[in-house]
Amino acid sequence: MEYALVLLWFVVYQALAFAALPLAARLFPRFPDRGAAFALPIAVVVMTVVGFWVGHVGFGRWIAFLGVGVLLGLSGLVLWSAGSLRPGGDRPLGDAVPLRAYAETAIVFGVAFALLVAVRAVDPSVHPGGGEKFLDFGILKSLLRAEVLPPQDMWWAGEHVLYYYGGHLASALLTHLTGTETQYAYNLALSGFYAMLVTGAYGLAGALADARGASRRVGGAFGAFFVGFAANLVTAVTGLVWLLPDETARGVADWVASPIADSTSGTLLTEGLSEFGYWAPSRVIPGTINEFPLFAFLNGDLHGHMLSTPFLLSIAALGFAYYRTGPSALRRRQMLVFGVLPIVVGLLGLVNVWSFPTALGVVWLAVLFAPATPTSLFPGVSTDERDARRDAERTDGGESASATGTATQSAGRLVLDEARRIGGAFAVTGVVAAAAVAWVAPFVFGILLRSATNRSLAVLPEQSSAVGLLLVHGAFLLVFAAFLWPRARTALAVRPARAGLLALAVAAFAWQLGYPVLVLVVPLLAVGWLLLRTVGGRTERGVGYETVLIVAGTGLVTLVEFVYVQDNAIGGRFNTVFKVYMQVWVLWATAAGAALASLVSSAGPADWRLPALGIDRKGVMTGVAALLVVSTALYGALALGGHFTSEANRIDDPTLAGKAYVEDDHPDEAAAIKWLDDRAGQPHIVSPPGREVYSWSSPAASLTGLPTVVGWVYQEGVYRGSEKSDLRASDVDLVYTGTWDDRAELLDKYDVRYVYVGPSAHDQYDDEDLRFEQYPGIEEAFREGDVVVYEVTDA
């Protein structure tokens, strides 16, 4: 085990977080930890943005240190402006740098970091099966070899990658900064992003709970748990069903599983926990992927939908910082919305394009529901006295004056005011979107628009069943219903009888349409929206920004039931639900942490009680919280238990070496791949086309970052079009089987330096065709057994 490397990376992570503390404190002054939990993501944002822009001129290890220099410079400017560094300044340095909060978040980060390091140490392999590790490692290696951005595509020699690579860029900069070999850096970067996510959830959920009058540590602990360790209810429901007598259990399991029978979770339900595997609960709703962070990081891809999560939480936190800023603090509000958010939103799009619309949606909701009128952010645009008075009342928590004013307004005026506010928030978000695109313009115009031609919007996919929705989202839906219902009764004067009749009517309507989401999810969206726009629902004991995140998640879950992105990767809404549900989990888990902390504390309405049993709301909710923690933790206990005891994992010899398995599983190719990896720069190679994805194909390019003429044919067909990809694959076949004239022409066309002849070539082509040394201008450069690497000296 490489303990020194683990310690080095932890120290570097914490040093970066410490360097960014003044920036975090400036951005999040009203957070209980003054933003310490987001110091590291801020540092990574600064480094990556610097690396991205300067990297288009020149890229190398020096850029990582340049990014650190810019970070230190920005923090120094913040301290200087606050008077902490100036002689005779009026603010001590200790006040500007929240050291105690930094130490607390460092502990949270350390626990999460150690957990994932342990997970990866027993199964560190960058293998091609069951995920995107070959793709992710290849992009990371290509970046580390690059002399300029964007990185070369290791599966499409001669052109740059058509993929969002911001998370890999951040990982490459951390790799350069620590001087770590890539196979170790892959796992250490992955562990760091997981720890950033958990720490961010701890900080934001704690701040949300504190704003509701609950314990920030309880809220933070719940948030960190739900984001980093909790899973959906598939495992718990399976275990509960099979506690019944066998015959009864089988009948119940078949009944529950029938709507999701085509998924692996359906199979698990019918077979019981004796057949448990960590994979099944991530496939619940047929035709989709329903991942959650623990599964994703346990599976171990260094992929955009995972690496983007700390930045999505950072945007949610910046939205909360804006939400808590009073209307009178115009410059600060403008700084947050027009200065900071576009940078982070733009970077998020570079890390994971799927998260870009979600980030803008969070910005829109934060601006819409904040006390200040959205249009007040624009220079020269002022609100009338009525809006200003209403803003002040909402900020102060006042009810009577605003309630009276609202009561005297006509319904038409209310609709007009709401439409004006919604339109203003859209206008603000449009500016943020334009500025965000400008911050990553080379990516948008050089890569994204080219790959977007293979995608289009489609509508009305096959609907999720009620069982599927409840198994995936049920834990969160229960927390949110418990949190919102008593507040809705108080703020909206909801009568239970009328609410029950309305619920029955909606349920009947949704049943006829076949849209369970209208019953299970949309009511939370409607109630949350109304509470956020009602002063009575926004008092200290009402709702706050946690409900903004609830509304954001419900909007996403509802949206993918009606609209999806159709691409040529796989049919239907497979990818859309896959990428969107991860974002829903992060937003909802953080909100659930804060909401549950409020429910188990003395804060909030006291409607939930069982007087006949002598149990008050706090007792009921404490029991609910315990049940939720146990039921959602069962997956983690079983998955990690199996992970650490599996005979297939390297328990006896823990290591973070991602390529260590190659010598054991593919000894015939290990030496040749290492020899190629030692080549300087990015000379082009040719290797047999990878026609079978998620298999041991194109290893020479994937594990070295050297561009091959075509790697995984299907994958490149998704980005560039299947016709182009198939044509290149045919060209490669001709390199191995054609006449010398054909081979020479193609080797020159693709600027090939090395020809790789390994087991795949021997399986696909005649051995006689593979004797490249018989041709002029080609020499044998490396040989081990039947694996040969030829060098093209003069084709």
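Quick notes on the rules
Residues numbered from 1 in each chain as written. Predicted model: local features only at pLDDT ≥ 70, side-chain atom pairs only at ≥ 80, totals over all residues. Heavy atoms only, no water. Helix = DSSP H or I, 4+ residues; strand = E, 2+ residues; numbered from the N terminus. Buried < 20%, exposed > 50% of the residue type's maximum accessible area, 1.4 Å probe, protein only. Contact = heavy atoms within 4.5 Å. Areas by Shrake-Rupley, 256 points an atom, 1.4 Å probe, with all protein chains shown as cover. 1 Å grid on protein atoms, 1.4 Å probe; cavity = no way out; pocket = protein on both sides within 12 Å on 5 of 7 lines; lining within 4 Å. Points joined across faces, edges and corners; volume = space filled by probe spheres on them. Nonpolar A, V, L, I, M, F, W, Y, C, P; charged D, E, K, R; others polar. Salt bridge = Lys/Arg side-chain N within 4 Å of Asp/Glu carboxyl O. Pairing = 2+ DSSP bridges. Axes fitted to C-alpha atoms, helices over the stretch in contact; angles between N-to-C directions. Parallel < 35°, antiparallel > 145°, perpendicular 65-115°, else oblique. Left-handed = near helix turned anticlockwise from the far one by under 90°. Patch = residues over 30% accessible without salt bridge, like charges linked within 9 Å, V, L, I, M, F, W, Y side chains within 5 Å. Lys, Arg positive; Asp, Glu negative; His and termini not counted. Charge placed at Lys NZ, Arg CZ, Asp CG, Glu CD. pLDDT = per-residue confidence, 0-100. Core = buried A, V, L, I, M, F, W, Y, C linked by side-chain atoms within 4.5 Å.

### Describing the overall build of the protein chain
Check the secondary structure of the protein chain and you find 35 helices and six strands. Looking at the protein chain as a whole, 59% of its 795 residues qualify as buried. Within the protein chain, counting contacts between residues at least 6 apart in sequence, those at least 24 apart form 75% of the total. With an accessible surface of roughly 30000 Å², the protein chain has 62% of that area assigned to carbon and sulfur atoms.

### Notes on empty space enclosed by the protein
Scanning the model with the defined rule gives four cavities of 30 Å³ or more in all. Lining of the largest cavity is provided by 13 residues; of these, Ala17, Ala36, Leu40, Thr105 and Thr199 occupy positions nearest its centre. Where the lining of the largest cavity is concerned, the elements lending two or more residues are helix 1 (3–27), helix 2 (39–55), helix 5 (99–122) and helix 8 (182–211). Among the elements that take part in the lining of the largest cavity, helix 5 stands out by supplying four residues, more than any other. The residue makeup of the lining of the largest cavity, split by class, is ten nonpolar, three polar and no charged. Taken together, Asn232, Asn290, Glu291, Phe292, Val472, His473, Phe476, Tyr581, Val584, Trp585 and Trp588 form the lining of the second largest cavity. Elements supplying a minimum of two residues to the lining of the second largest cavity: helix 22 (466–491) and helix 27 (574–600). Residues that form the lining of the second largest cavity fall into these classes: seven nonpolar, three polar and one charged.

### A short note on the pattern of salt bridges
Opposite charge on two side chains permits pairing when their charged atoms draw close. Applying the stated criterion across every chain yields a total of 21 salt bridges. One salt bridge in this structure joins Lys674 and Asp678, with 3.4 Å as the shortest N-O distance. Among the ionic pairs, Glu716 bridges to Arg720, the shortest N-O distance being 2.8 Å. Of the two residues, Glu716 and Arg720 are both situated in helix 32 (residues 713–720); the distance of four residues between them amounts to about one turn of the helix. When sorted by exposure, Glu716 lands in the same class as Arg720, which is buried.

### Quick notes on the sheet that holds strand 4 (residues 752–757)
An order of 3-4-6-5 is seen for the four strands of this open sheet, with the pairing classed as mixed. Looking at which strands have only one partner, the edges of the open sheet turn out to be strand 3 (684–686) and strand 5 (778–784). On average, each strand axis in the sheet is tilted by 25° relative to the strand beside it, whichever way the strands run. Summarising the sheet, strand 4 and strand 6 (residues 787–792) pair through four bridges and their orientation is antiparallel. Paired with Val755 across the bridge in strand 6 is Tyr790.

### Here we look at the packing of helix 15 (residues 309–323) against helix 26 (residues 545–559)
Running from N to C, helix 15 and helix 26 point in directions that differ by 135°, and their axes come no closer than 10 Å. The angle between helix 15 and helix 26 places the two elements in the oblique class. The handedness of the crossing between helix 15 and helix 26 comes out as right-handed. Here Ala316, Gly319, Phe320 and Tyr323 of helix 15 lie close against helix 26, whose contacting residues are Tyr545, Val548 and Leu549.

### A short note on a negative patch on the surface
Taken together, the side chains of Asp668, Asp766, Asp767 and Asp786 make up a negatively charged region of the molecular surface. With respect to the helices and strands, Asp786 occurs in the loop between strand 5 and strand 6.

### Brief notes about the packing of helix 1 against helix 8
With their axes 11 Å apart at the nearest point, helix 1 and helix 8 run at an angle of 45° to one another. Relative to helix 8, helix 1 is oriented oblique. Once helix 1 is placed against helix 8, the crossing between them reads as right-handed. Residues Leu5, Val6, Trp9 and Tyr13 of helix 1 pack against Tyr184, Ala185, Leu188, Ala189 and Gly192 of helix 8. Taken together, the residues of the contact of helix 1 with helix 8 sort by class into eight nonpolar, one polar and no charged.

### With respect to the environment of Pro689
You can see Pro689 is positioned in the loop between strand 3 and helix 31 (699–702). Distance in space between the C-alpha atoms of Pro689 and Asp726 is 9.4 Å, their sequence separation being 37 residues.

### Describing the confidence of the model for the protein chain
Looking at the protein chain as a whole, the pLDDT averages 90, with 90% of positions reaching at least 70. Within the model, pLDDT remains below 50 along residues 391–408, and this stretch shows 24 contacts once partners closer than five positions in the same chain are excluded.

### Quick word on the environment of Tyr165
Relative to the helices and strands, Tyr165 resides in the loop between helix 6 (133–145) and helix 7 (166–178). As a C-alpha pair, Tyr165 and Pro150 span 15 residues in sequence and 8.8 Å in three-dimensional space.

### Observations regarding the nonpolar core
Within the largest apolar cluster, 238 residues are counted, with the highest numbers of intra-cluster contacts made by Leu16, Tyr165, Leu204 and Tyr545. Counting residues in hydrophobic clusters, the runner-up holds 24 residues, among them Val713, Val732, Phe772 and Val792.

### Some words on a nonpolar patch on the surface
A cluster of nonpolar side chains, Trp62, Leu66, Val70, Leu74 and Leu77, forms an exposed patch at the surface whose accessible area comes to about 440 Å². Among the secondary structure elements, Val70 is positioned in helix 3 (residues 61–81).

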